[in-house]
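One-letter residues, chain by chain:
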Amino acid sequence: AMLDPDRGLSLTIARVVQRLQGSSLHSQLERQARVSLHKPEIKLESLKEDIKDFLKTSGWEKKLQNAVYSELNVFPSPCHPAAPPEHIKEPLAYMRKAQGSWEKRILKSLNSMCTELNIPLAQKRPANEQKELLNKWNEMGTDEPDLSLFRPVYAPKDFLEVLMNLRNPNYENGEQPSFRNHLGLIQVPLKVKDIPELKEAFSELGLNIGQLGIDDSAQVPPEFFENEHVRVGQKVLAEQDSAAAQQYVRQGCPTALRADLWALILNISNQPEDILYYEQLKSNVIQHNLLVDSLIYKDVKLTASNDDYYFVFEDYLYQVLLCFSRDTSVLEHFTYSSATPPKSYIQGKLGMEEYAVYYPPNVNYNSFILSVAPLCFLYHEPSKLYQIFREMYVRFFFRLHSISSHPSGIVSLCLLFETLLQTHLPQLFYHLREIGAQPLRISFKWMVRAFSGYLATDQLLLLWDRILGYNSLEILAVLAAAVFAFRAVNLMEVTSLAAAEAVLADLSTLKVMPLLQIFLFATVT
Amino acid sequence: FRIMAGKVKWVTDIEKSVLINNFEKRGWIQVAENEDWNFYWMSVQTIRNVFSVETGYRLSDDQIVNHFPNHYELTRKDLMVKNIKRYRKELEKEGSPLAEKDENGKYIYLDFVPVTFMLPADYNLFVEEFRKNPSSTWIMKPCGKAQGKGIFLINKLSQIKKWSRDSKTSSFVSQSSKEAYVISLYINNPLLIGGKKFDLRLYVLVSTYRPLRCYMYKLGFCRFCTVKYTPSTSELDNMFVHLTNVAIQKHGDDYNHIHGGKWTVSNLRLYLESTRGKEVTNKLFDEIHWIIVQSLKAVAPVINNDKHCFECYGYDIIIDDKLKPWLIEVNASPSLTSSTANDRILKYNLINDTLNIAVPNGEIPDCKWNKSPPKEVLGNYEVLYDEEMAQSDGTDRDLRGRPGQSTGVKGSRARDSGKPVLTTWK
């Protein structure tokens, strides 16, 4: 049901107000307003106006603006006042159902692992163990617990199988011509953008607009674009304007400004209460042992330790992920995520809410690890690193691990990828399909990890600049298609899935921005 | 006399595939040492024999070797320090602005080697310095051959009693290289990344010392330490344990590290730019280039600049947490062993680019050539310093440029190619 715009606006305002009320920003504003009463320029007869002016000139209005902007970015617009909460999580019933089944499967697998290994999902650590963990908090990477019995709860291809089997029960496949011709693995009729729509959505990536990742290469004198772009970036940071920063990073971040720009867009300021919160999570980790901790260890050892770029940050990854699994503030995002967190209780405290432990639905930490690791290149203070990661997760990455109809959800990304390929490289698509190498089988792992671990770090960061800038993950699907287009000649010659995988095995030399630009703006269709 | 069809004849006493593959791909012909050869890639032991007075080896114009006769002036720890100290004093005597000192008496531009003394010869000087900072830690390294073995840390004078005794005896004490040590101030505040220590390995090719012409390989790397130690033992024991773990195997230049893994220099640059900013990162890399060139200039007057020689050095550099680079050591024979596939590719390319510069066009060399290769053959090398070119520019008469006065030339980023760039501090 369509909501009339005024109604929608007032609902949005009400929701933002509700969320900001009682926040620390709220109390800070109140305190500032009270302090300002002592100032000579505040006059009793024009109290309200004067205080407002003061808040403006002292930069507090800007902080409020950034907070509002952040809320608008993260939370979806309300659909209808009468819409039940499940609809905000996910409007399509069959998607909700599929996500529910998937979660049940994961939880079942976790529970059976517990039974098999005779380890509880959660238990309190004995005191000496707590002390030991506290001592080696900064070097958990040197630990080598016996993890041979733990197996990953699921592999990306298991998740892909589930997505492939999604069906809309209201939909007769045979009749609609536009969908009958879809030859890919995803068989649900979600709306995805076509190239003209993508060109409009990503207009700042156009050929006549300067980009970092293209126009800052050695052959281009810095006066043409780079110097001015850096100057603008410094100004945006000085103004501390989230919305301006988000617009700015569409053209890429200068490396020296990136950490601050991302923090500004994500509205992370690392206040004392944030540091305290992180320390509290850390103490939760020390006190309680979760089964997933072992899964985290195992996954970090397998993925990050073997990565050419990320192995250095192994210790940070443990710290961030162990805290993350205990962070209940992450639960907030479940109101707009199709997922529901599995719940368990500390051993012996079944049913007692204060001893409840929630798990993020994706207990396969593989993807998490790879989405934390690049951030270590930008932030080395643990609590800030943690907050940035958490915000990136609740804004973007959770959509890669849950089944939903959202345009940035993994289902839509897969469909977008397949549609782009089938529409614009039909010969290639058909050929690969014929030899049993459905393109999605290869590109799925790239998208589900937001390309982390596949691209060189500097290229990955340029890609993630655009995720933040456009507040969307669609660029992942576009890049995946662009990579196939780039290697099309070689791919046309292969005759097996294995050979296709080999052609696409090494993406570490790719330059992301030229690929995207050419695919979107310079390919004759 | 018979003329061979212009193919280079090569010999080596280092059986490494990265070398041999490079020779073979050029179509060069392997010969034995006692035959007529044009190119000999030799170990440091062999170079000693070749140029020793006894053997009276005479190299002909079409023969090239990969070491300078007395490279040890740079590659032996004690001689390197000695030469740098001498160089600084000379500059100071001529009143050069490079030798300027700060209010604490430290060289502003030339303080890039940790304070070092020779033992037992400088024992008393060392004690004086030690007493200025009694809580400092020092690292003892044997001078001569064995790398890794025999390194240890001390923080009490009693731990080096032996050398105190030796220094008090007369000057007839034999200073065989087996007995001699250098003792250096231990850098206890290294820059950490991800909580891990690392050092930098950079490759520098010198084709001639007078005039000085040297090239820096763009694909240097950081070697990370992962050291397991138990937190329970005392601090010094920890460090001792640290070192004996780390110095377990003699791998030529790998002596100091259990390699926890490697990063490229461009990764390092990305990380530092992202976390510290561009200016300080540029300054750091400028300083690194600076100290390499200064170390070469320091030994240039004493190196036998034999025209049959070139040399590829492995520079070991540590960066401290104030982003100051320190020169730890220069290796004459950087390891050509490869631990991983990537490693093998890197070393293969290193040798390839080195040969392209040292043996132009892969043809039979003529040691009288001007040693000025065209830009196209540099590969992954870039010109670090060309004394001849600098002097003809007229900008270098007295090395007025110093680190910290960089003009921020764009191309000094490692991932760019082809720009002759390392001249910012000129």
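Our structure is the block above this text.
Let me begin by describing the structure that accompanies this report. (Residues numbered from 1 in each chain as written. Chains lettered and ligands numbered in written order. Predicted model: local features only at pLDDT ≥ 70, side-chain atom pairs only at ≥ 80, totals over all residues. Heavy atoms only, no water.)

Considerations on the overall build of chain B
The helix and strand inventory of chain B stands at 11 helices and 15 strands. The burial tally for chain B puts 55% of its 426 residues in the buried class. Within chain B, contacts between residues separated by at least 24 positions form 72% of all contacts whose residues are at least 6 apart in sequence. A total of about 19,500 Å² of accessible surface is found on chain B, and carbon and sulfur atoms cover 51% of it. (Helix = DSSP H or I, 4+ residues; strand = E, 2+ residues; numbered from the N terminus. Buried < 20%, exposed > 50% of the residue type's maximum accessible area, 1.4 Å probe, protein only. Contact = heavy atoms within 4.5 Å. Areas by Shrake-Rupley, 256 points an atom, 1.4 Å probe, with all protein chains shown as cover.)

Structural notes on unusual backbone geometry
If a residue is not glycine, its phi is most likely negative; likewise, a peptide bond is most likely trans. With omega at 5 degrees, the peptide bond leading from B:Leu119 into B:Pro120 counts as cis. The omega torsion across B:Arg210 and B:Pro211 is 5 degrees, close enough to zero to call that bond cis. In this fold, B:Pro211 is placed in the loop between strand 9 (198-208) and strand 10 (213-217). Phi at A:Asn471 is positive, roughly 50 degrees, even though this residue is not glycine. Exposure remark for A:Asn471: the relative accessible area of 25% places this residue in the partly exposed category. At B:Lys371, a residue that is not glycine, the phi angle is positive and equals roughly 55 degrees. With relative accessibility at 11%, the residue B:Lys371 sits in the buried group.

Considerations on the pattern of salt bridges
Enumeration according to the criterion identifies 31 salt bridges over all chains in this entry. In this structure, A:Glu129 and A:Arg125 form a salt bridge, with 3.4 Å as the shortest nitrogen-oxygen distance. Judged by its relative accessible area of 11%, A:Arg125 falls in the buried class. A salt bridge links A:Asp465 to A:Arg258; the nearest nitrogen and oxygen atoms lie 2.8 Å apart. Of this pair, A:Asp465 sits in helix 22 (residues 457-470) while A:Arg258 sits in helix 13 (residues 255-265), and the two are 207 residues apart along the sequence. What makes A:Asp465 buried here is its relative accessible area of 0%. Its relative accessible area of 1% is what places A:Arg258 among the buried residues. Each of the salt bridges in this network shares a partner with another, and the network as a whole consists of B:Asp199, B:Arg201, B:Arg223 and B:Asp316. (Salt bridge = Lys/Arg side-chain N within 4 Å of Asp/Glu carboxyl O.)

Things to note about the nonpolar core
Residue and element names in this part refer to chain B. In terms of nonpolar packing, the biggest core is built from 216 residues, with Tyr-209 and Leu-296 touching the most fellow members. Filtering out sequence-adjacent residues up to four positions away, Leu-296 remains in contact with Leu-74, Val-204, Val-206, Tyr-209, Leu-212, Cys-214, Tyr-313 and Tyr-315. With 28 residues, the next largest nonpolar core counts Phe-39, Leu-205, Cys-312 and Ile-357 among its residues. (Core = buried A, V, L, I, M, F, W, Y, C linked by side-chain atoms within 4.5 Å.)

Focus on the sheet that holds strand 1 (residues 9-12) of chain B
Residues and elements named next belong to chain B. The 4 strands lie next to each other as 2-1-3-4, forming an open sheet whose pairing is parallel. Unpaired on one side and paired on the other, strand 2 (29-30) and strand 4 (64-65) mark the two borders of the sheet. Direction of pairing for strand 3 (residues 39-41) relative to strand 4: parallel, over a ladder of 2 bridges. Within strand 4, the residue paired with Tyr-40 across the bridge is Val-65. (Pairing = 2+ DSSP bridges.)

Quick look at the packing of aromatic side chains
Counting across every chain of the model gives 41 aromatic pairs over all chains. Ring plane angle 50 degrees and centroid distance 6.2 Å describe the contact between A:Phe159 and A:Phe444, whose orientation is recorded as tilted. Of this pair, A:Phe159 sits in helix 8 (residues 156-164) while A:Phe444 is found in helix 21 (residues 439-448), placing the two residues 285 residues apart along the sequence. The pair A:Phe159 / A:Phe444 is uniform in exposure class, with both members buried. Aromatic pair B:Phe39 and B:Trp41: ring centres 6.4 Å apart, planes at 35 degrees, arrangement tilted. Note on accessibility: B:Phe39 and B:Trp41 belong to one class, buried. Through pairs of rings, three or more aromatic residues link up here, namely A:Phe311, A:Phe313, A:Tyr316, A:Phe377, B:Phe198, B:Phe224, B:Trp263 and B:Tyr271. The cationic tip of B:Arg26 hangs over the ring face of B:Trp28; the distance from NZ or CZ to the ring centre is 5.8 Å. Lying over the aromatic face of B:Phe285, B:Arg269 brings its terminal NZ or CZ to 4.2 Å of the ring centre. (Phe/Tyr/Trp six-rings, centres within 6.5 Å; stacked < 30°, edge-to-face > 60°. Lys NZ or Arg CZ within 6 Å of the ring centre and 35° of its normal.)

Things to note about helix 15 (residues 291-302) of chain A
Residues spaced three or four apart along an α-helix face the same direction, because each turn holds 3.6 residues. Residue and element names in this part refer to chain A. The end-to-end C-alpha distance of helix 15, which contains 12 residues, comes to 17 Å, matching closely the 16 Å that a straight helix rising 1.5 Å per residue would cover. In terms of residue burial, helix 15 counts as a mostly covered element, since 10 of its 12 residues are buried. Within the span of helix 15, buried status applies to Leu-291, Val-292, Asp-293, Ser-294, Leu-295, Ile-296, Tyr-297, Lys-298, Asp-299 and Val-300. (Expected span 1.5 Å × (residues − 1).)

Topic: a nonpolar patch on the surface
Residues A:Leu9, A:Ile13 and A:Val17 make up a contiguous nonpolar surface patch of about 270 Å² in total accessible area. Of note, A:Val17 is situated in helix 1 (residues 5-20). (Patch = residues over 30% accessible without salt bridge, like charges linked within 9 Å, V, L, I, M, F, W, Y side chains within 5 Å.)

What to know about the sheet that holds strand 7 (residues 152-154) of chain B
Sheets are built from strands paired through backbone hydrogen bonds, the pairs being either parallel or antiparallel. All names here are of chain B. What the 4 strands build is an open sheet, ordered 5-8-6-7; its pairing is antiparallel. Edge positions in the sheet fall to strand 5 (116-119) and strand 7, since each has one partner strand and no second. With direction set aside, neighbouring strand axes in the sheet form an average angle of 30 degrees. Sheet topology note: the strand 5/strand 8 (residues 181-185) ladder contains 4 bridges and is antiparallel. Looking at strand 8, one finds that Leu-119 is bridged to Tyr-181. Of the strands in this sheet, strand 5, strand 6 (138-142) and strand 8 touch helix 4 (residues 77-93), which is tilted by about 125 degrees from strand 5. (Axes fitted to C-alpha atoms, helices over the stretch in contact; angles between N-to-C directions.)

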